[in-house]
Amino acid sequence: MNATDRTPADLLRSALAADPVRPLVTFYDDATGERVELSVATFANWVAKTANLLQGDLSAEPGDRLALLLPAHWQTAAWLIACSSVGVLADVGGRPGDADLVVAGPDDLETARACSGERVALALRPLGGRFPQPPEGFVDYAVDVPGQGDRFAPYAPVDADELALRVGSVELTGAELVERARTDADALGLAPGARVLSGRAYDTWDGLSAGLFAPLASGASVVLCRNLSELSEDGRARRVADERVTVSVDR
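How each quantity is defined
Residues numbered from 1 in each chain as written. Predicted model: local features only at pLDDT ≥ 70, side-chain atom pairs only at ≥ 80, totals over all residues. Heavy atoms only, no water. Pairing = 2+ DSSP bridges. Helix = DSSP H or I, 4+ residues; strand = E, 2+ residues; numbered from the N terminus. Axes fitted to C-alpha atoms, helices over the stretch in contact; angles between N-to-C directions. Contact = heavy atoms within 4.5 Å. Buried < 20%, exposed > 50% of the residue type's maximum accessible area, 1.4 Å probe, protein only. Salt bridge = Lys/Arg side-chain N within 4 Å of Asp/Glu carboxyl O. Polar contact = N/O pair within 3.5 Å; in protein donor to acceptor, adjacent residues only side chain to side chain.

Participant: What is the right way to read the sheet that holds strand β2 (residues 34-39) from this model?
Facilitator: Adjacent strands of a sheet pair through backbone hydrogen bonds, lying either parallel or antiparallel. What the 5 strands build is an open sheet, ordered β2-β1-β11-β10-β12; its pairing is mixed. Of all strands in the sheet, those with a lone pairing partner are β2 and β12 (247-249), marking the two edges. Strand-to-strand, the axes of this sheet are offset by a mean angle of 15°, without reference to chain direction. Pairing of strand β1 (residues 23-29) with strand β11 (residues 221-226) involves 5 bridges; the strand directions are parallel. Bridge pairing in β11 places Thr26 opposite Val223. Contacts from helix α2 (residues 40-57) reach β1 and β2, with the element oriented near 95° to β2.

What follows is the structure, encoded as structure tokens:
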């Protein structure tokens, strides 16, 4: 990664320039049997489409706060980097009533209705599927994102010294996030090409770091596992072998 990268979006651009075809996020849901693998290029495409939706259709601006009510999931990862691309504060698990926008999964739609701004719903179905019936008062992400542009350019430059992420009691600017992710990557022993298996939820910094930011900051990739407790010990051992995992962070 480039030493000059100062935001998560910068990290993704560097990863794309270095090796667009390598895996970046491999997602498992062990409650449903879903597996999705995204290369750097494919993930970057989802990020660009999401950022275009956020900036264009949803009229988000730098400094806006987005309450992100989503579990550990590959689409959540795309939203986190899309927020960085636009300059929007990703408030993970934040209060929708205090936010300018809200993005929610199917389990949090009622909570999300407290937001008076734009609301986006994700079905979190396999292959990015849409809701059978779109939730009233919400944009269905799976309906609106496919038609967005594959390239993204922000209307205004993103300030790396503005708040980029809030999760629990942790608040980080873009530059602080990148630096902390690099420190975490060093602590985990990550190097380019490493494969990190993470079973941590996305509701803490440690979960977000192991499950996205530290691998991205170090040229590694993540095997992101939701509902990992559903997997047997033998099944976990097979996954480690099949996915060529080099570092495991289960909890």
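Participant: Would you explain the pairing of strand β5 (residues 101-104) in this entry?
Facilitator: In the case of a regular strand, side chains alternate between the two sheet surfaces. With burial as the criterion, each face of β5 is covered, one bearing Leu101 and Val103 and the other bearing Val102 and Ala104. Pairing of strand β3 (residues 65-69) with β5, which is carried by 4 bridges, proceeds in the parallel orientation. Residue Leu68 lies in a different strand from β5, and its bridge partner there is Val103. When β5 meets strand β6 (residues 118-121), the two strands line up parallel, connected through 4 bridges. Directly across from Val103, in β6, lies its bridge partner Val120.

Participant: Got a minute to help me understand the pattern of salt bridges in this structure?
Facilitator: Any two side chains of opposite charge can pair, given that their charged atoms come close. Within the structure shown, the criterion is met by 13 salt bridges. Residue Glu37 pairs with Arg35 through a salt bridge whose shortest N-O separation is 3.0 Å. For Glu37, a relative accessible area of 40% puts it in the partly exposed group. Overall, the relative accessible area of 42% leaves Arg35 in the partly exposed class.

Participant: Mind showing me how you'd approach the pairing of strand β9 (residues 170-173) here?
Facilitator: One ladder, built from 4 bridges, connects strand β8 (residues 163-167) with β9; its direction is antiparallel. The residue bridging Leu165 from the neighbouring strand is Leu172, located in β9. Taken together, β8 and the strand that follows it, β9, pair antiparallel across an intervening segment of 2 residues, in which Gly168 is found at a positive phi of about 60°.

Participant: Quick question: what am I supposed to make of the environment of Asp98 here?
Facilitator: Examined against the element boundaries, Asp98 turns out to sit in the loop between β4 (89-92) and β5. Judged by relative accessible area, Asp98 falls into the partly exposed class, the value being 44%. In this structure the C-alpha to C-alpha distance between Asp98 and Ala67, which are 31 residues apart in sequence, comes to 8.3 Å. Polar side-chain contacts of Asp98 include one of 3.0 Å to the side chain of Arg95.

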